[in-house]
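Residue strings, one per chain:
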Amino acid sequence: MSPGLRSALPVVLFLIAGFAAPLIAVIWFSFMPARTFSFGGTPTLENYTTIIESSNYISFLWSLGLGAVTVTLLALICYPIAYGLVRIFGKWSTLITLLFTIPLFVSENIRLYGWVLFLIKNGVLLGTIKSVFGVEPESILFTLPAIVLGMVYVYFPFMLFPMTLGISMVPQDTRDAAMDLGASRWQVFREVELPLSMPGILIGCLLTFVLAVGAIAEAKVLGGQQIIPITHDIEIAFTYAQNWPLGAALSVLLMAVVGTLVLIVLRRFNLDQLLGRR
Amino acid sequence: METRAVRLRHSLVTAWTLAAIVFIYIPTICIILASLTASRYFQFPIARWGLDWWQKTLNSIEIRQLLSTSITIALCVTVIAVTLAFFGALAFARYDWKGRSLYQKIILLPIFFPQSVLGLALLLWFNTLGLPLSWKTAVFAHLVWIVPVVTLVISIQVYSFDPALEEAAFDLGASRLQVLREVTLPVLFPGLFSGSLFAFLLSWGNFPLSLYTTGADTTVPEYLYAKMVAGYTPGVPVLGTISTIGAIVLLLGGYALITALRRTRASE
């Protein structure tokens, strides 16, 4: 056995037991008769027909739509910051990166709850406006914009860091050469900077999209259940409805969408190059 | 002209970044403010400041139980994850072997996977195996997501590791164990250290995996979530502040330690 395979073995065995096996269990369960709790039943497609006939597609569309909006907003918000981290901030970059990292380690619930306290009637924002200007605007809490705000907030680092990695892969020499050859600022960006930093940007987009599609807490905490994402449907099937096979079938569909996307994008990448092997 | 345009662009980027930092810390500040309110309900501007709820929360036996469950899970996850990921990272970045490129992609899959769905899949899996749910199953669930993350973190350190060091030690007659103890581990220590920080903090803050896999045991994020959806409880901001400050202290302390370590190494 090669030393590489030998050191890979523990992790691989663990992921087979903890990742592959549960997923196979879910796929198998999605073919069991509705409302059963064992693997012994006769396989059937009834759960999938139920989903097609139901209104679950609305939740699917909400999840995908929210994911797309989150990714687009984050790409626009993060690009200048990532650019600054690589090219402008110099020795301050480490500190700024650290500041952006810290919230990642605080439970997402707590941070979303902080937004509730900020946005709620008589909260930090509206309370301040009221005491300074004497007017009291409507709160955006429990509306769609609040959900989008929460998602942009929570997934911010997942876009920023891969993007920074991507931009740092553009050699300064290549930019200088393009400038010397008379390229305009915009041309350098479009012809040199953007294509060369694309791997990092794409990884960032993929990561945030996948996480956003699987998000559940934002819609619950900030959305006041105004919008039901697909993960919420899955959770209901597993808990209140006690219909595990239906929940499993919904999970399989979600996994299929996410999995296809991840495989398509990851196939094109050389991870060694991205992570810095010399 | 050109320099003025450049300067303008730089100040715009700086201003935008500062705005983003403020945006990132708004919720944290709100939580801290709420924890310092003496009244039963949070209202801004705060009429009565006080530490009453801090005292009540810290004296509660239930809260101590929560903290100890969360810390136990996080410690177990850290030890197991770093051990597995250390070897995982060597396979990821140090050795050239046949299945490496495939292996690297397999490692990424759990990270690129919706965690709430992973939590439910694990619930179903534990149920199939007939395992009773407790904090121990939660440790397993956390590991499925955290081992790949820590493997990546350590791999970044391994990429800059020069294999010639190990070979030199072998040539000088060191045994496999000696090489591991005297060369590989010390050189990779900064990576292992940041890996353990990541493991501990990600487990400490995790909610979607804990939600479905802890059974009767409750972690801090689960408790906070249950209280949040039930309405306003003054203990929530206090516990949230404790959780946040704990993470900041650990992270800054760890960062300072690593920097100090690098300095002493550079001066040697």
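Colleague: Would you mind showing me how to read the overall build of chain A here?
Modeller: Looking only at helices and strands, chain A has 13 helices and zero strands in total. In sequence order, the secondary structure elements of chain A are arranged as α-α-α-α-α-α-α-α-α-α-α-α-α. With 278 residues in all, chain A has 46% of them scored as buried. Partitioning the contacts of chain A with sequence separation of at least 6, the portion at a separation of at least 24 is 71%.

Colleague: It is not clear to me how the overall build of chain B should be interpreted in this structure. Could you clarify?
Modeller: Of the regular secondary structure elements, chain B holds 11 helices and zero strands. Each helix and strand of chain B, placed in order from N terminus to C terminus, yields the pattern α-α-α-α-α-α-α-α-α-α-α. Projected onto the principal axes, the alpha-carbon positions of chain B cover approximately 70 × 70 × 35 Å. The long-range share in chain B, meaning contacts at least 24 apart out of those at least 6 apart in sequence, stands at 76%.

Colleague: Could you clarify how one ought to interpret the interface of chain A and chain B in this entry?
Modeller: Often, the extent of an interface is quoted as the loss of accessible area on bringing the components together. Counting residues at the interface gives 75 residues for chain A, matched by 72 residues for chain B. The element contributing the most residues to the side of chain A that touches chain B is helix 1 (residues 3–29) of chain A, with 17 residues. Tallied by class, residues from the side of chain A that touches chain B come to 52 nonpolar, 18 polar and five charged.

Colleague: Where do I start with the packing of helix 2 (residues 52–59) of chain B against helix 11 (residues 235–267) of chain B in this structure?
Modeller: Each packed pair of helices is defined by two parameters, the angle between the axes and the distance between the axes. All names here are of chain B. Running from N to C, helix 2 and helix 11 cross one another at 75 degrees; their axes reach a closest spacing of 9 Å. Compared by their axis directions, helix 2 and helix 11 come out roughly perpendicular. Between helix 2 and helix 11, the residues in contact are Trp-53, Trp-54 and Thr-57 and Gly-235, Val-238 and Leu-239, respectively. When grouped by side-chain class, the residues that make up the contact of helix 2 with helix 11 number four nonpolar, two polar and no charged.

Colleague: What should I look at first to understand the nonpolar core in this one?
Modeller: One broad rule of soluble globular proteins: the nonpolar side chains tend to lie buried together. By size, the foremost hydrophobic cluster in this structure holds 156 residues, and its most contacted members are Val116(A), Leu117(A), Tyr155(A), Ala81(B), Ala121(B), Leu124(B) and Val150(B). For this core, the leading source of residues is helix 7 (residues 144–168) of chain A, giving 16 residues. Look past the residues within four positions of Val150(B) in its chain and what remains in contact with it is Ala81(B), Val82(B), Ala85(B), Gly195(B), Phe198(B) and Ala199(B).

Colleague: When you look at the environment of Gly254(B) in this model, what are you seeing that I'm missing?
Modeller: Residues and elements named next belong to chain B. Its place among the elements puts Gly-254 in helix 11. Through-space distance from the C-alpha of Gly-254 to that of Ile-46 is 35 Å; in sequence the pair is 208 residues apart. With residues up to four places along the chain from it excluded, the contact list for Gly-254 reads Phe-193 and Leu-197.

Colleague: Sorry if this is basic, but what is going on with the packing of helix 3 (residues 61–94) of chain B against helix 6 (residues 135–159) of chain B here?
Modeller: All names here are of chain B. Look at helix 3 against helix 6: their axes get within 6 Å of each other, and the N-to-C directions meet at 40 degrees. Taken together, the axis directions place helix 3 and helix 6 in an arrangement best described as oblique. Judged by the twist between their axes, the crossing of helix 3 over helix 6 is right-handed. A per-class count over the contact of helix 3 with helix 6 returns 23 nonpolar, six polar and one charged.

Colleague: So what exactly am I meant to see when it comes to unusual backbone geometry here?
Modeller: Both trends apply: most residues other than glycine have a negative phi, and most peptide bonds are in trans. Residue and element names in this part refer to chain A. Notably, Arg-35 is not glycine yet its phi reads approximately 60 degrees, a positive angle. With respect to the helices and strands, Arg-35 occurs in the loop between helix 1 and helix 2 (46–53). Residue classification places Arg-35 among the exposed positions, given that 11 C-beta atoms sit within 10 Å. Backbone geometry places Gln-242, a non-glycine residue, at a positive phi of 50 degrees. Within the secondary structure layout, Gln-242 lies in the loop between helix 11 (230–238) and helix 12 (244–267).

Colleague: Got a minute to help me understand the confidence of the model for chain B in this structure?
Modeller: Close inspection of predicted coordinates is inappropriate in any region flagged by low pLDDT. When pLDDT is averaged across chain B, the result is 88; 99% of the residues are at 70 or more. The ipTM for the predicted assembly is 0.87, set against a pTM of 0.88.

Colleague: Can you walk me through the environment of Glu136(A) in this structure?
Modeller: Residues and elements named next belong to chain A. Position of Glu-136 relative to the elements: it lies in the loop between helix 6 (124–133) and helix 7. Residue Glu-136 is classed as exposed on the basis of its C-beta count, with 12 C-beta atoms lying within 10 Å. For Glu-136 and Ala-256, which are 120 residues apart along the polypeptide, the C-alpha to C-alpha distance reads 46 Å.

The rules behind these values
- Residues numbered from 1 in each chain as written.
- Chains lettered and ligands numbered in written order.
- Predicted model: local features only at pLDDT ≥ 70, side-chain atom pairs only at ≥ 80, totals over all residues.
- Helix = DSSP H or I, 4+ residues; strand = E, 2+ residues; numbered from the N terminus.
- Buried ≥ 20, exposed ≤ 12 C-beta atoms within 10 Å, placed from the backbone.
- Contact = placed C-beta atoms within 7 Å.
- Nonpolar A, V, L, I, M, F, W, Y, C, P; charged D, E, K, R; others polar.
- Axes fitted to C-alpha atoms, helices over the stretch in contact; angles between N-to-C directions.
- Parallel < 35°, antiparallel > 145°, perpendicular 65-115°, else oblique.
- Core = buried A, V, L, I, M, F, W, Y, C linked by C-beta atoms within 7 Å.
- Left-handed = near helix turned anticlockwise from the far one by under 90°.
- pLDDT = per-residue confidence, 0-100.

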